[in-house]
Amino acid sequence: MRRVVLPLLVFCILTVVSIAPLQAGAHTASSFTVLVKENGFSQTAPEIFHNDSIIWHNTDNASNSTHRLVHDHDGDGLYNGSLDWDSGVLHAYCERDVNNTKLDDSCNTSFVLLFDINWTEGDYAYQDLRSDGSVVNATIRLFKDMDSHNAST
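Notes on the structure in this doc start here. Each chain has its residues counted from 1, running along the sequence as written. Under the rules for a predicted model, residues below a pLDDT of 70 receive no local features and side-chain atom pairs below 80 are neither given nor counted, while totals for whole chains, interfaces and linings still include all residues. Hydrogens and water molecules were not included; the side-chain quantities draw on all heavy atoms of the structure.

### Digging into the overall build of the protein
Here comes step 1: Strands here mean DSSP runs of E at least two residues long; helices mean DSSP runs of H or I at least four residues long; both are numbered from the N terminus. When its secondary structure is counted, the protein shows two helices and nine strands.
Here comes step 2: Overall, the protein shows an N-to-C arrangement of helices and strands of α-β-β-β-β-β-β-β-β-β-α.
Here comes step 3: Here the term buried applies to any residue with accessible area under 20% of the maximum for its type, exposed to any over 50%, and partly exposed to those in between, with areas from a 1.4 Å probe on protein chains only. Within the protein, the fraction of its 153 residues that count as buried is 28%.
Here comes step 4: Whether two residues touch is decided by their heavy atoms; if any such pair falls within 4.5 Å, the residues are in contact. Summarising the internal contacts of the protein: among those between residues at least 6 apart in sequence, 50% fall at separations of at least 24.
Here comes step 5: The Shrake-Rupley method, run with a 1.4 Å probe, gives the accessible areas here. Residue values count only the displayed protein chains as cover. Accessible surface, the protein as shown: approximately 9700 Å² in total, 54% of it carbon and sulfur.

Here is the structure:
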């Protein structure tokens, strides 16, 4: 009996020791909300980790203003590259019928972006192109894991 218990105990200890470092940097995916407001963003530099997502909500209902959030990763002036993003036009509200169904399917008030493992650790500058012609800049700081975040602070 002792011959069976000792190897099992050693196996359990080695398993716990080998998993412990993984748990130190582990992170449960989260969603962060950024409000797009008349005077800017509610957060201009959120810090997130891989597999987190950001949800932007347009709350600017001043004079029917619209917003368009863009990131030009490849720097070509277009927002159609594999790591570029373009929210499309974001309205403060979308008209709905009595059943709460949008009257215009292309009308959106929010934009969601998942920062999965295809994104590399670093800063991502993006812009809010506003219907009044003004531009607001912001940055997202993406960390690979908790350890890389702690190393940079």
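### With respect to the sheet that holds strand E9 (residues 135-143)
Here comes step 1: The five strands lie next to each other as E3-E9-E8-E5-E6, forming an open sheet whose pairing is mixed. Strands with a single pairing partner mark the edges of an open sheet, and in this sheet they are strand E3 (47-49) and strand E6 (85-90). Pairs of neighbouring strands in the sheet enclose a mean axial angle of 25°, with direction left out of account.
Here comes step 2: Bridge count for strand E5 (residues 67-71) against E6 is four bridges, and the pairing is antiparallel. Looking at the pairing, histidine 71 lines up with tryptophan 85 of E6. When DSSP finds two or more bridges between a pair of strands, those strands are recorded as paired. Think of each axis as a best-fit line through the C-alpha atoms, taken over the contacting stretch in the case of a helix, with angles from 0 to 180 degrees between the N-to-C directions.

### As for the pattern of salt bridges
Here comes step 1: Within this document, salt bridges are pairs made up of a side-chain nitrogen of Lys or Arg and a carboxyl oxygen of Asp or Glu, the two lying within 4 Å of each other. In the structure shown here, the tally under the stated rule is three salt bridges.
Here comes step 2: One salt bridge in this structure joins aspartate 86 and arginine 68, with 2.6 Å as the shortest N-O distance. You can see aspartate 86 sitting in strand E6 and its partner arginine 68 sitting in strand E5, a full 18 residues away along the chain.
Here comes step 3: With a relative accessible area of 28%, arginine 68 lands in the partly exposed category.
Here comes step 4: Between aspartate 123 and arginine 141 there is a salt bridge; the shortest N-O distance is 2.8 Å. Taken together, the residues span a long stretch of sequence, with aspartate 123 in strand E8 (residues 122-130) and arginine 141 in strand E9 at a distance of 18 residues.
Here comes step 5: Taking relative accessible area as the criterion, aspartate 123 reaches 45% and is therefore assigned partly exposed.

### Some points on the packing of aromatic side chains
Here comes step 1: Note on aromatic pairs: the rings of Phe, Tyr and Trp (six-membered ring only in Trp) are paired at centre separations within 6.5 Å, and the planes decide the class, stacked below 30 degrees, edge-to-face beyond 60, tilted for the rest. Here the structure, examined in full by the defined rule, presents 11 aromatic pairs.
Here comes step 2: Geometrically, the ring pair formed by tryptophan 85 and phenylalanine 115 is edge-to-face, given 6.0 Å between the ring centres and 90° between the ring planes. Here the residue tryptophan 85 occupies a position in strand E6, and phenylalanine 115 occupies one in strand E7 (residues 110-115), the gap between them amounting to 30 residues. Judged on exposure class, the residue tryptophan 85 and its partner phenylalanine 115 are both buried.

### Description of the sheet that holds strand E2 (residues 40-41)
Here comes step 1: An order of E2-E1-E4-E7 is seen for the four strands of this open sheet, with the pairing classed as mixed. Looking at strand neighbours, the two that pair on one side only are E2 and E7, the edges of this open sheet.
Here comes step 2: By the bridge criterion, six bridges tie strand E4 (residues 52-58) to E7 in an arrangement that is antiparallel. Along E7, the bridge assignment pairs serine 53 with leucine 114.

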